[in-house]
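Structure at a glance
The lines below spell out each chain.
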Amino acid sequence: MSLLSIGRSGLLAAQVGLSTTGNNITNANVPGYSRQGVVQTDTPSQNTGAGFVGTGTEVSSVRRYYDNFLANQLRGAETNQASLEGFYKQISQIDNLLADPTAGLSPVMQDFFNGVQNAAASPASAAARQSMLSTSESLAARFQGMSARLNEISEGVNSQVVSSVGEINSYARQIAELNNTISGLSSGGDLPNDLLDHRDQLITDLNKLVKTNVIQGDNNTLTVQMGTGQPLVVGNTAFTLGTAQAANDPSKMSVGYVAPNGKFTPLPDKVITGGQLGGLIEFRNTALDGAQNQLGQVAASLATSFNAQHQLGQDQNGALGGTFFNPIQAYVNPNANNAPQSTAEVKGTVVDAGKLTASDYSVDFDGTNFNVKRLSDGQVTQINPFPQTEPQVIDGVAYSITGAPAQNDNFLVRPTYAAAKDLTVAVNDPTKIALAAPVTTGAPIANTGSAKISAGTVDQNYLAPGNALTAPVTLTFDKAAGTLAGFPAGQDVTVTANGNTTTYPAGTPVPFTDGAAIGFGGVSFSISGAPGNGDTFTVGPNTSGVGDSRNGALLAGLQSKNVMNNGTATFQGAYAQVVNVVGNKAREAQIGMNAADAAVVQATKAHQSVSGVNLDEEAANLLRYQQAYQAAGKVMQIASTLFDTLLSLGR
């Protein structure tokens, strides 16, 4: 090969080097751009007889500096960062809502019980009773307002889920198209580096929406999986995702595949992990659902326990107390996939504040029995018998199932989910607040002994048909027999002394024990001291309870009573626990997000050390290729001079 050709090959190689370096410099700030470098090799030498002489150089390829391992590390850090960031942004809203010292639940709950205490202190005061109603309405409004805010957050999450799925589909289509283009351009062996960068950047952006796993395919195509391995892009085919209301809960948007014919197949939430979408779904299924259910648990427990005590009182009209708050009904959603012929209906009413949990329940019919599964721990309770003769109480909820079920019928039951929203005051007349007790006790001054009878109390048995007192019951002490007689016919009598309870048949005299608790028909009292022979004691209906506040004191006492969680927590304590749990989750998410930020910075530096453009290095390359270009030009100049000399010799 001539010297001119050798110089020409060096000139062309230097030109490619200058172009590549210039391209690196101009794209240094382009997201996803990977540094490129010229791979230069020598051309085959020629044997001149005196030895092999080089024939020049050529550019074998323009190399893309890219490390797949480092890129995967960066993607993993970024998808975790996006997931934690999405989770934290949402949970911080709930944290601010629940923990607000003025707009939270604690202040208004305190005001409510202050109103109850004031009414109990002045039971005859119409103003005190009206104030109690006002604080009750304020309490219900606060519960409703907080529930509405949580529902707004839930709707916002649904909207973001739909938006994220749309973006995922867009990225998937673009990646599939690039797979097809890159595959066609790679057939000659050279790689379209800029298209590879573009595809990798799309995968990076997709990875921030949902965790991706990339598998190298044939002919430089990529298979992209999401979550726990669900295919999203295979070769030049992009799978389409969609959203629809969850079959068992219309308040949630589920994510699934959409077939070409439009059929939607939902995916389980647990398979969608990482990225913004994974963070949103995790937040919705844990923190948001938990906050809604736990807030509702406080509302339902307060309403149920307050109603139970209010019904044991007497209002200013002499009637037994009714429900103070309207009863809390469980949120029940029949699965959209239930058989069309099924007529089964499931209803749930909260009846026991102490047994109530913050869990959701799945009610399933296996063809023979209905089974109630507590979703928090998987515990299953069978409805027995079915068909029912009366509602069955499970975890404080009375289940009533009617109609003809079909096999595999499913119902989602959320006892506390809507309780805060549904909490309303049933009483609107101050005179119907039952502050008095429905029974009174007394002993005539003519009694010869020193015995005294305590103020009577009643329990839920008093509300059973036939148990309410309509006339006074007079008990007479027989000193010789040491017994009390005169108890109502048809009602057994219990005597509790020293922790032991003895039951005596109706109509029989009962042995007297100093200070023992005596009960019949839901009425309880005690007689203490030494009664004289023939001494009498009366237990009867309260006919003048306007100034009586015994039941009001019991209503006010619910504030400090361990009513919730099987008698281990007060209302304020349970709410404080909700605030604490949400606050801890928010703090954990914040700490995790900060750690994820640091991991992304570290992974980015490692990735950029290979793929990033170093302007100082590129400036040096410019000088190197410039000098090579000039040198190759000098070779060609010398070759031209020599050729001219040869031509002049021949003249």
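You'll find the structure just up there.
Residues numbered from 1 in each chain as written. Predicted model: local features only at pLDDT ≥ 70, side-chain atom pairs only at ≥ 80, totals over all residues. Heavy atoms only, no water.

1. Observations concerning the side chain of T212
Among the secondary structure elements, T212 is positioned in strand β5 (residues 212-216). Engagement of the side chain of T212 in a polar contact is seen with the side chain of N207, the distance being 2.9 Å. If we skip the residues at most four places from it in the chain, T212 touches I203, L206, N207, V224, Q225 and M226. (Helix = DSSP H or I, 4+ residues; strand = E, 2+ residues; numbered from the N terminus. Polar contact = N/O pair within 3.5 Å; in protein donor to acceptor, adjacent residues only side chain to side chain. Contact = heavy atoms within 4.5 Å.)

2. Focus: the sheet that holds strand β9 (residues 241-246)
The antiparallel open sheet is built from three strands, whose spatial order is β9-β10-β11. The open sheet has two edge strands, β9 and β11 (264-266), and neither has a second partner. Ignoring strand direction, the axes of neighbouring strands in this sheet form an average angle of 45 degrees. Its contacts with the sheet put helix α4 (residues 126-185) on β9 and β10 (249-258), and the angle it makes with β10 is roughly 5 degrees. (Pairing = 2+ DSSP bridges. Axes fitted to C-alpha atoms, helices over the stretch in contact; angles between N-to-C directions.)

3. Observations concerning the pattern of salt bridges
Tallying each qualifying case throughout the model produces 15 salt bridges. Note that R414 is salt-bridged to D360, the shortest N-O span being 3.1 Å. Pair noted here: R414 is in strand β19 (residues 410-414) and D360 is in the loop between β13 (345-350) and β14 (361-365), with a separation of 54 residues, a long-range link. For R414, a relative accessible area of 1% gives the class buried. Residue classification places D360 among the buried positions, given a relative accessible area of 13%. It is possible to trace a salt-bridge network through shared partners that takes in D249, K252, D289, D360 and R414. (Salt bridge = Lys/Arg side-chain N within 4 Å of Asp/Glu carboxyl O. Buried < 20%, exposed > 50% of the residue type's maximum accessible area, 1.4 Å probe, protein only.)

4. Things to note about the packing of helix α6 (residues 275-310) against helix α8 (residues 550-557)
Two elements in contact, α6 and α8, have axes whose closest approach is 10 Å; the angle formed by their N-to-C orientations is 165 degrees. Classified by the angle between their axes, α6 and α8 sit roughly antiparallel to one another. With respect to the hand of their crossing, α6 and α8 are arranged in right-handed fashion. Facing F306, Q309 and H310 of α6, the residues of α8 in contact are N551, L554 and L555. (Parallel < 35°, antiparallel > 145°, perpendicular 65-115°, else oblique. Left-handed = near helix turned anticlockwise from the far one by under 90°.)

5. Comments concerning unusual backbone geometry
Note: most peptide bonds trans; most residues except glycine with negative phi. In the segment running from N384 into P385, the intervening peptide bond is cis, with an omega of 0 degrees. When you line up the elements, P385 lands in the loop between β16 (380-382) and β17 (392-394). Phi is positive for N565, which is not a glycine, with a value near 50 degrees. Turning to its location among the elements, N565 is positioned in helix α9 (residues 564-567). Here N565 falls in the partly exposed class, since its relative accessible area comes to 26%.

6. What about the pairing of β9?
Where β9 lies against β10, six bridges are found, and the strand directions are antiparallel. Of the residues in β10, the one forming a bridge with A244 is S254. The turn linking β9 back onto β10 is made up of two residues.

7. Quick word on the packing of helix α2 (residues 68-99) against helix α5 (residues 193-207)
Packing of α2 against α5 leaves a shortest axis separation of 9 Å and a crossing angle of 30 degrees. Classified by the interaxial angle, the pair formed by α2 and α5 is roughly parallel. Within the contact between the two elements, α2 uses R75, G76, E78 and T79 and α5 uses D200, I203, T204 and N207.

8. Focus: helix α11 (residues 615-649)
Between the first and last C-alpha of α11 there are 51 Å, a value that for 35 residues agrees with the 51 Å anticipated at 1.5 Å per step. Of all the positions in α11, only E618, N621, Y625, A632 and A639 are classed as buried. Where α11 starts, the residue carrying a side-chain oxygen 3.0 Å from the main-chain nitrogen of D616 turns out to be N614. (Expected span 1.5 Å × (residues − 1).)

9. Remarks on the sheet that holds β13
The three strands lie next to each other as β13-β18-β17, forming an open sheet whose pairing is antiparallel. In this open sheet, the two strands that pair with only one neighbour each are β13 and β17. Across this sheet, the average inter-strand angle for adjacent strands is 30 degrees, counted without regard to direction. Two strands pair when backbone bridges link them, and β17 and strand β18 (residues 397-402) are joined in this way by three bridges, in the antiparallel orientation.

10. What to know about the packing of aromatic side chains
Under the defined criterion, the tally for this structure stands at 16 aromatic pairs. Counting every residue linked through ring pairs, the aromatic cluster contains F112, F113, F306, F324, F325 and F571. In this arrangement the basic side chain of R35 is found over the ring face of Y65, its NZ or CZ atom lying 4.0 Å from the centre. (Phe/Tyr/Trp six-rings, centres within 6.5 Å; stacked < 30°, edge-to-face > 60°. Lys NZ or Arg CZ within 6 Å of the ring centre and 35° of its normal.)

11. Let's talk about the side chain of S301
Its place among the elements puts S301 in helix α6. Taking the relative accessible area as the measure of exposure, S301 reaches 0% and is therefore buried. Within the local environment of S301, its side chain forms a polar contact with the backbone oxygen of Q297, the two atoms lying 2.8 Å apart. A distance of 3.5 Å separates a polar atom in the side chain of S301 from the backbone oxygen of A353. Those residues within four positions of S301 in sequence are excluded, and the remaining contacts are A353, L356, M564 and F571.

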